[in-house]
Amino acid sequence: MSKSLIKIENLRVETSADHRTLVDGVSFEIQPGEALGVVGESGSGKTLTALSILGLLPRGVTAQSGSIQFQDIDLLTASNEERRDIRGQQISMIYQDPMTALNPVMKLGKQLEEVLEAHGLDFDQANTAVFNALQDVGIPEPERAMNSYPHEFSGGMRQRVMIAMALILSPKLLIADEPTTALDVTIQQQILALVSEQRRKSGMSMLWITHDLGVVANLVDRVIVMYAGRIVEVGTVEQIFTNPQHPYTAGLLASLPKSVDKNRERLTAIPGVPPKPWLVENSCPFNPRCDRATVECS
């Protein structure tokens, strides 16, 4: 196997004030050109894990221990300058909500140009690159789009702009944090197809974060299932969908609507709510909600 593009080992994320655990012992790696999906309910630690890679954890939250190796650099101990050089150019991120991720008072072209200028391109080069990037993601009339504000575009078009911004420097790793959650189903499929095509062209690796197993079915090579700040299962798409090993994974799959179900039977729901990660000790975190739990689970 080739050397990993990025390798995360025993990542532990905590609140700074009272040291409450939010992500506990997360370890995984991504190979060059590989697409990895991370799935789980809200609050399972997916986004915090991704933000740890870029050093963009919210105020009051810190990566307490572990390592994130990217091309012989530990991103957890890297300087701010090293991280700035990597962000955008080698690792890019599509954020969760296109409605709020763009600056509402700045023209779209200028927002994309800032990414390029931060990495040394002059104005003329940046202007041409922005035009081409918007054209690549299917924005009609790229020149008009460059002189428009975010509110002049629909949610789907704004998400295309976010994707253009993330891909404009041809990063080696793209992190996509639930980029289709706020979009309707038709636009969602267009965005998935667009990202897949861009990945095929450039051969980049991808970390796709979602709470929807159905989204990753045809998009990624491997899947990580997270629950209460921990990884509970890892496998190929085929392994996860045909032979899930953890009851939580099986519960997520059972809750998906089946296209062949003509009788439209009631969907299976997982009872209860996920526990707070810092309240989980040595037991299986899914134990209180699991109908297959045994004494060993607790």
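Criteria and thresholds
- Residues numbered from 1 in each chain as written.
- Predicted model: local features only at pLDDT ≥ 70, side-chain atom pairs only at ≥ 80, totals over all residues.
- Heavy atoms only, no water.
- Helix = DSSP H or I, 4+ residues; strand = E, 2+ residues; numbered from the N terminus.
- Rg over C-alpha atoms; globule rule 2.2 N^0.38 Å.
- Buried < 20%, exposed > 50% of the residue type's maximum accessible area, 1.4 Å probe, protein only.
- Contact = heavy atoms within 4.5 Å.
- Lys, Arg positive; Asp, Glu negative; His and termini not counted.
- Charge placed at Lys NZ, Arg CZ, Asp CG, Glu CD.
- Axes fitted to C-alpha atoms, helices over the stretch in contact; angles between N-to-C directions.
- Parallel < 35°, antiparallel > 145°, perpendicular 65-115°, else oblique.
- Left-handed = near helix turned anticlockwise from the far one by under 90°.
- Salt bridge = Lys/Arg side-chain N within 4 Å of Asp/Glu carboxyl O.
- Polar contact = N/O pair within 3.5 Å; in protein donor to acceptor, adjacent residues only side chain to side chain.

Student: Looking at this model, I keep getting lost on the overall build of the chain. Mind explaining?
Tutor: Broken down by element type, the chain carries eleven helices and ten strands. Computed over its C-alpha atoms, the radius of gyration of the chain comes to 20 Å, within 12% of the 19 Å expected for a compact globule of 298 residues. In terms of its C-alpha atoms, the chain occupies a principal-axis envelope of roughly 65 × 50 × 40 Å. Counting only residues that meet the buried cut, the chain has 47% of its 298 residues in that class. Long-range pairs, those at least 24 residues apart, make up 65% of the contacts in the chain with a sequence separation of at least 6. Put simply, the chain has 27 plus and 35 minus side-chain charges, and the middle of one group is 3 Å from the middle of the other.

Student: I keep staring at the packing of helix 4 (residues 108-117) against helix 5 (residues 123-136) and nothing clicks. Help me out?
Tutor: Helix-helix packing: each pair is described by the crossing angle between the helix axes and the interaxial distance. Close contact between helix 4 and helix 5 brings their axes to 9 Å; oriented N to C, the two are set at 120°. Comparing their axes, helix 5 and helix 4 come out oblique. The two elements helix 4 and helix 5 meet at a crossing, and its hand is right-handed. Listed contacts from helix 5 to Gly-109, Leu-112, Glu-113, Leu-116 and Glu-117 of helix 4 are Phe-123, Ala-126, Asn-127, Ala-129, Val-130 and Leu-134.

Student: Quick question: what am I supposed to make of the pattern of salt bridges here?
Tutor: Pairing of side chains with opposite charge becomes possible as their charged atoms draw close. Applying the stated rule across the entire model yields 14 salt bridges. Put simply, Asp-18 and Arg-20 hold a salt bridge, and the shortest N to O gap is 3.5 Å. The partly exposed category is assigned to Asp-18, whose relative accessible area is 44%. Residue Arg-144 pairs with Glu-141 through a salt bridge whose shortest N-O separation is 3.9 Å. Residue classification places Glu-141 among the exposed residues on the basis of a relative accessible area of 53%. Connected via shared salt-bridge partners are Arg-12, Glu-14, Asp-24 and Arg-230.

Student: Where do I start with helix 1 (residues 46-54) in this structure?
Tutor: The α-helix advances 3.6 residues per turn, and as a result positions three or four apart in sequence lie on the same side. Most of helix 1 sits out of view: eight of its nine residues are buried. Positioned one or two residues after helix 1, Gly-55 has a phi angle of 70°, which is positive.

Student: For this particular structure, what's the right way to read unusual backbone geometry?
Tutor: One can expect most non-glycine residues to show negative phi and most peptide bonds to be in trans. At Ser-170, a position not held by glycine, the phi torsion is positive, near 50°. Relative to the helices and strands, Ser-170 resides in the loop between helix 7 (155-167) and strand 7 (173-177). For Ser-170, a relative accessible area of 55% puts it in the exposed group. With a phi angle near 45°, Glu-178 is a residue other than glycine that sits in the positive phi range. Here Glu-178 shows up in the loop between strand 7 and helix 8 (185-202).

Student: Can you help me understand the side chain of Glu-34 in this one?
Tutor: With respect to the helices and strands, Glu-34 occurs in the loop between strand 2 (21-30) and strand 3 (35-39). Residue Glu-34 is classed as buried on the basis of its relative accessible area, which comes to 10%. Within the structure, Glu-34 has its side chain in polar contact with the backbone nitrogen of Gln-31 (distance 2.9 Å). With residues near it in sequence (within four places) discarded, Glu-34 still touches Glu-29, Arg-199, Ser-205, Met-206, Asp-221 and Arg-222.

Student: Looking at this model, I keep getting lost on helix 4. Mind explaining?
Tutor: Of all ten residues in helix 4, seven are buried, a share of seventy percent or more. Those residues of helix 4 that fall on the buried side of the exposure criterion are Leu-108, Gly-109, Gln-111, Leu-112, Glu-113, Val-115 and Leu-116. Where helix 4 is buried, its residues meet helix 5, helix 6 (142-146) and helix 7.

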